[in-house]
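Okay, here's what each chain looks like letter by letter:
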Amino acid sequence: MPAKAAERHRQGQSGPSGGKAVPPRPAKAVSKKRDEDVSTEAGEGVDEWAAAKTLVKPPDQLELTEAERAYKPISYVDQMAIHFSLNGNMILKDSDEGRRQSIKLSAAAKKAPVETFAVTSEEAEIKGEESTENTQPAGEEEAERSGTAEVAEAAEVEEPPPPSVKEQKLANQFNFIERASRTLNNPMRERACQSEPTPCKNFSATANQWKIYDAYVEELQKMERSKEKEKPKAQIAKREEEKKKGRKLTSLESQSDDINKISKAAKIMERMVNQNTFDDIAQDFKYFEDASDEYRDQQGTLLPLWKFQYDKTKRLAVTAISWNPKYKDLFAVGYGSYDFMKQGQGMLLLYTMKNPSFPEYVFSSESGIMCLDFHNDHPYLVAVGFYDGNVAIYNLKKATYQPSYKSSAKSGKHTEPVWQVKWQKDDMDNNLNFFSVSSDGRIVSWTLVKNELVHTDVIKLSVEGTTMQGPEGLQLQMLGCGTSFDFHKKIDYLFLVGTEEGRIYKCSKCYSSQFLDVFEAHHMAVDSVSWNPYHLKVFISCSSDWTVKIWDHTIKAPMFVYDLNSAVGDVAWSPYSSTVFAAVTTDGKAHVFDLNINKYEALCTQLVVAKKKNKITHIQFNPVYPVVIIGDERGHVISLKLSPNLHRMPKEKKGQEVKKGPEVEIAKLEKLLNLVREPESKAGK
Amino acid sequence: AEVEETLKRIQAHKGVAATIVINAEGIPIRTTLDNSTTVQYAGLLHQLTMKARSTVRDIDPQNDLTFLRIRSKKHEIMVAPDKEYLLIVIQNPCE
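For chain B, an unreviewed UniProt entry supplies the name DLRB2 protein and the organism Grus americana. Taken directly from UniProt, the Subcellular location (unreviewed entry) text for chain B runs: "Cytoplasm, Cytoskeleton". The record in UniProt for chain B states the following under Sequence similarities (unreviewed entry): "Belongs to the GAMAD family."

In structure tokens, the structure reads:
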């Protein structure tokens with residue numbers, strides 16, 4: 001049915017296009033078809049084939065059909081086109097032909113073993129061949145007749161050759177017999193002996209460069225020691241003693257707490273901890289430069305840094321401050337009392353700026369300390385003058401709390417407080433010596449001879465015109481009370497002494513009874529005199545009469561006079577400039593002057609301590625850093641940083657060399673002095 | 001005695017949280033912390049100090065480590081090495 005339907009469709013299709021050789025347009029045909037008849041499957045299938053472009057035969061190919069004697073389109077187009085055909089030569093095994101061929105093959109196989117016989121049996125082979133050949137055709141012929149007979153014959157043909165094959169066994173020329181025998185194995189026994197393992201220890205190390213270096217250094221030291229041992233025996237005896245002492249020391253050390261070995265680390269740690277706590281102050285000290293000084297029109301300020309205090313000195317006043325010549329951050333503070341009525345013990349503390357919370361060294365004494373001085377060449381020696389008139393030398397290297405050497409009543413101590421001590425150069429026998437000045441009117445030179453202080457009166461401050469007639473015709477001379485002195489930097493024998501009467505005497509070490517010169521300096525006691533560090537002729541003095549005066553020692557009248565409205569406790573030249581000095585007054589203010597910038601006024605007047613409760617006693621400049629330390633009556637020491645205006649070097653004009661050095665400083669001051677001097681000299685004339 | 005005082009002062013100083021003294025082998029001798037923390041600090045810082053010292057001396061054998069500071073967000077650990085000992089201080093910097 002479907003085929004007929006397809007035929008009808010085909011007819012319909014080929015009608016209009018009959019006879020045309022043009023290949024149809026299948027798409028249109030398909031659409032038409034689809035519209036007409038959608039249901040038939042065959043029609044659809046045919047349509048698709050028609051639509052395919054890979055048609056082998058055109059769909060409307062006509063074919064002559066005998067039945068209807070007309071050309072009809074081929075309904076079923078065979079899509080298979082045979083391009084090549086090859087007939088194989090394989091036959092089914094069970095078919096007649098297949099069986100025939102298999103028999104033939106088996107006969108040929110029997111021939112093969114027959115052919116492999118030995119030479120001697122060639123004849124037999126030939127015979128065999130012949131026989132097989134004979135039998136084969138016979139077999140073939142017979143096979144054509146009957147199948148079973150074939151098989152039987154084939155079997156017969158097969159059987160005789162195998163027995164013949166079996167009889168002729170392969171053999172070689174030699175009779176080979178294998179023989180073996182086995183011996184008895186001795187039973188094995190294991191015996192072992194184990195020794196004690198040598199004690200092993202793991203050792204690992206890295207050969208660093210510094211380990212090699214350490215080894216070399218040790219070697220070097222050993223060699224040096226052995227060289228020393230070669231020296232003469234007299235020294236060996238000494239060394240033995242030292243070794244004994246050394247042994248004693250080491251035994252003591254081992255007995256003492258191991259903690260002591262950490263002292264250095266502990267010290268560093270304490271400083272670091274302090275640095276952390278006072279971090280901002282440390283930063284200020286190092287880096288802060290007050291920028292507002294530019295706007296201040298040459299005025300300056302003092303920036304407070306650390307404050308040093310120790311609870312044991314709370315009731316004591318700072319009586320002396322001095323910087324260590326070697327370690328620029330170490331300074332010594334002497335504590336005592338200026339009050340005549342309240343005399344107590346004294347203390348000597350050494351602080352370092354690196355550790356503001358605790359002093360490095362603490363020494364206490366029975367009497368108040370009034371003055372102190374570091375030795376320039378031996379920065380571990382401190383000379384100290386007491387209120388009771390004694391002097392002492394403290395040795396910082398030794399761990400004792402007592403002074404190394406002390407004067408006593410027998411050895412000629414002063415009868416009044418010692419106001420100033422100053423180290424001198426070693427005398428001709430290389431003994432250390434220092435001078436002291438006291439209210440008892442004597443200037444004494446103390447020499448350290450064979451571990452004892454020997455005193456020599458250098459000068460007696462006799463006051464002119466005060467000889468009195470004592471009983472029995474003795475002439476008594478009134479002695480002035482020295483309160484301060486200072487030695488000239490260059491001219492060794494020249495020194496100045498300030499007294500309570502307000503006079504300044506210029507003296508020489510060579511003349512013991514006469515002064516070189518006298519200056520009527522002040523109305524009240526001269527608290528401090530100081531030579532200018534650069535200019536050879538200039539010195540400064542301050543007094544409780546509220547004035548600070550600058551002098552040229554060749555001229556009687558002062559060069560500059562400053563009135564500071566309050567008793568001046570101390571004055572100090574700055575170490576970096578010949579024209580800068582600072583003064584402290586009892587009203588708690590610090591004044592800094594720079595003569596180069598302003599001859600009449602202070603560049604900075606700053607209240608450093610609370611006005612009414614506290615008085616400032618001393619001031620010192622740090623030799624290296626722009627820092628001053630100020631001591632007050634409550635036992636505090638305050639460090640202050642000078643603002644840039646205060647320690648500015650004069651700016652040179654561009655193009656000129658910037659000169660530095662003492663000569664410049666001297667020239668600077670000289671210029672200033674000349675301005676002041678000439679009218680004076682004119683006035684003098 | 002003096003050293004004892006110094007250590008006491010350090011401990012009493014503002015911001016110091018702990019103080020540890022350890023010997024050359026890394027065993028703590030003296031501490032203000034509890035045991036486990038101390039042992040931990042001791043072990044770690046000992047190694048670090050050895051490494052730091054080795055570094056400094058490798059660069060220049062004549063040089064030696066004086067101080068080591070480790071500043072972290074919460075505190076600052078300071079290590080002062082000695083020949084036989086190591087002093088460790090943990091401080092809270094006052095900021």
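> For the sheet that holds strand β29 (residues 604-607) of chain A, give the residues involved together with the corresponding values.
Residues and elements named next belong to chain A. Here four strands make up an open sheet; going across it, the order is β26-β27-β28-β29 and the pairing antiparallel. Each of the sheet's edge strands pairs with one partner strand only, and the pair in question is β26 (568-573) and β29. If you compare each strand with its neighbour and ignore which way they point, the axes differ by 15 degrees on average. One ladder, built from five bridges, connects β26 with strand β27 (residues 580-585); its direction is antiparallel. Looking at the pairing, Trp 573 lines up with Phe 581 of β27.

> An account of the environment of Thr 313 of chain A is needed here, citing residue identities and associated values.
Residue and element names in this part refer to chain A. Within the secondary structure layout, Thr 313 lies in the loop between β3 (302-308) and β4 (317-323). According to the relative accessible area criterion, Thr 313 is buried, its value standing at 0%. Taking the C-alpha atoms as reference points, Thr 313 and Gly 635, separated by 322 residues in sequence, lie 5.4 Å from one another. Within the local environment of Thr 313, its side chain forms a polar contact with the backbone oxygen of Tyr 310, the two atoms lying 2.8 Å apart.

> Which residues make up helix α1 (residues 2-12) of chain B, and what values go with them?
Those residues of α1 of chain B that sit buried are Val 3, Thr 6, Leu 7 and Ile 10 of chain B. Down the axis of α1 of chain B, the buried side of the element spans an arc of 95 degrees, and every buried residue falls inside it. Counted as exposed and oriented over 90 degrees from the buried face of α1 of chain B: Lys 8 and Ala 12 of chain B. For α1 of chain B, the secondary structure elements touched by its buried residues are α10 (263-277) of chain A together with β1 (16-23), β2 (28-31) and β5 (85-91) of chain B.

> If you had to explain the sheet that holds strand β11 (residues 405-406) of chain A to someone new, which residues and values would you point to?
Working definition: the strands of a sheet are paired by backbone hydrogen bonds and lie parallel or antiparallel to each other. All names here are of chain A. Taken in spatial order, the four strands make up an open sheet running β8-β9-β10-β11, and their pairing is antiparallel. The open sheet terminates on both sides in strands that have one partner only, identified here as β8 (369-374) and β11. The pairing of β8 with strand β9 (residues 381-386) spans five bridges and is classified as antiparallel. Bridge pairing in β9 links Cys 371 to Gly 385.

Calculation rules
Residues numbered from 1 in each chain as written. Chains lettered and ligands numbered in written order. Predicted model: local features only at pLDDT ≥ 70, side-chain atom pairs only at ≥ 80, totals over all residues. Heavy atoms only, no water. UniProt positions renumbered as here; feature names shortened; annotations may be inferred. Pairing = 2+ DSSP bridges. Helix = DSSP H or I, 4+ residues; strand = E, 2+ residues; numbered from the N terminus. Axes fitted to C-alpha atoms, helices over the stretch in contact; angles between N-to-C directions. Buried < 20%, exposed > 50% of the residue type's maximum accessible area, 1.4 Å probe, protein only. Polar contact = N/O pair within 3.5 Å; in protein donor to acceptor, adjacent residues only side chain to side chain. Arc of directions from axis to C-beta. Contact = heavy atoms within 4.5 Å.

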